[in-house]
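Summary of structural features
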Amino acid sequence: MSNKQKIVTSLWFGNNAEEAVNFYISVFPDSRIKQVSRFGPGGHMPEGSLLSASFELNGVEFMALNGAPAGFSETASLMVSCDSQEEIDAYWQKLSTGGEEGQCGWLKDKFGLSWQIVPSMLGEMMSGGDTARTSRVVNAFLQMKKFDIRALEAAYGA
């Protein structure tokens, strides 16, 4: 049986895919560029510029493409599950720099790609079956941009 990832997220950038890939692999541990192809002469992009790249972020495979027009929306995002406030803070700071902070753990990076930076225990808090607890947690995170684990725990335990 092959251990090749069967489903790969493909990200289409306008003309800055190489910059984006290099940025993303600098943010996440266990990340690398796997394969690169470049435009030849006569293409719609400058010769030698990145056509596509396969890369891994934290061991998960992605594909990046250069082309125009391009754009991302919040209808698709990448979610990062974090085990500590320090991890949330670090990813939030790195990925939101030059981008845009949103509500409830969402942000857009400087390339316009949407991310959700969430505490790993949020799923458990939301699926415990206690609707009063769930409502308190939801009301707490609706007031947040970047998630605050202590505030979520206080709402969950109240």
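This text goes with the structure placed above it.
What you are looking at is a predicted structure, and each value in this text was computed from that prediction instead of being measured.

**Points about the overall build of the protein chain**
Looking only at helices and strands, the protein chain features five helices and eight strands. Seen along its three principal axes, the alpha-carbon backbone of the protein chain occupies a region of about 65 × 40 × 25 Å. Buried residues in the protein chain amount to 35% of all 158 residues. For the protein chain, the proportion of contacts with a sequence separation of at least 24, taken over those separated by at least 6, is 59%. For the protein chain, the exposed surface amounts to about 9000 Å²; the carbon and sulfur share of it is 52%.

**Structural notes on the environment of Leu51**
Checked against the element boundaries, Leu51 lands in strand β3 (residues 50-57). For the pair formed by Leu51 and Asp148, sequence separation is 97 residues and the distance between their alpha carbons is 39 Å. In contact with Leu51, not counting residues within four places along its chain, are Ser37, Arg38, Phe39, Ala64, Leu65 and Asn66.

**Digging into the pattern of salt bridges**
For the structure on display, the rule yields six salt bridges. One salt bridge connects Glu56 with Lys34, and the closest N-O pair in it is separated by 3.8 Å. Of the two residues, Glu56 is situated in strand β3 and Lys34 in strand β2 (residues 32-38); the sequence distance between them amounts to 22 residues. For Lys108, the salt bridge is made with Glu74, and the minimal N-O distance between the two is 3.0 Å. Highlighted residues: Lys108 in strand β7 (residues 106-108) and Glu74 in the loop between β4 (60-66) and β5 (77-82), separated in sequence by 34 residues. Judged by relative accessible area, which is 43%, Glu74 ranks as partly exposed. Residues joined by salt bridges that share partners form a network here, namely Arg32, Lys34, Glu56 and Glu61.

Thresholds, definitions, all that
- Residues numbered from 1 in each chain as written.
- Predicted model: local features only at pLDDT ≥ 70, side-chain atom pairs only at ≥ 80, totals over all residues.
- Heavy atoms only, no water.
- Helix = DSSP H or I, 4+ residues; strand = E, 2+ residues; numbered from the N terminus.
- Buried < 20%, exposed > 50% of the residue type's maximum accessible area, 1.4 Å probe, protein only.
- Contact = heavy atoms within 4.5 Å.
- Areas by Shrake-Rupley, 256 points an atom, 1.4 Å probe, with all protein chains shown as cover.
- Salt bridge = Lys/Arg side-chain N within 4 Å of Asp/Glu carboxyl O.

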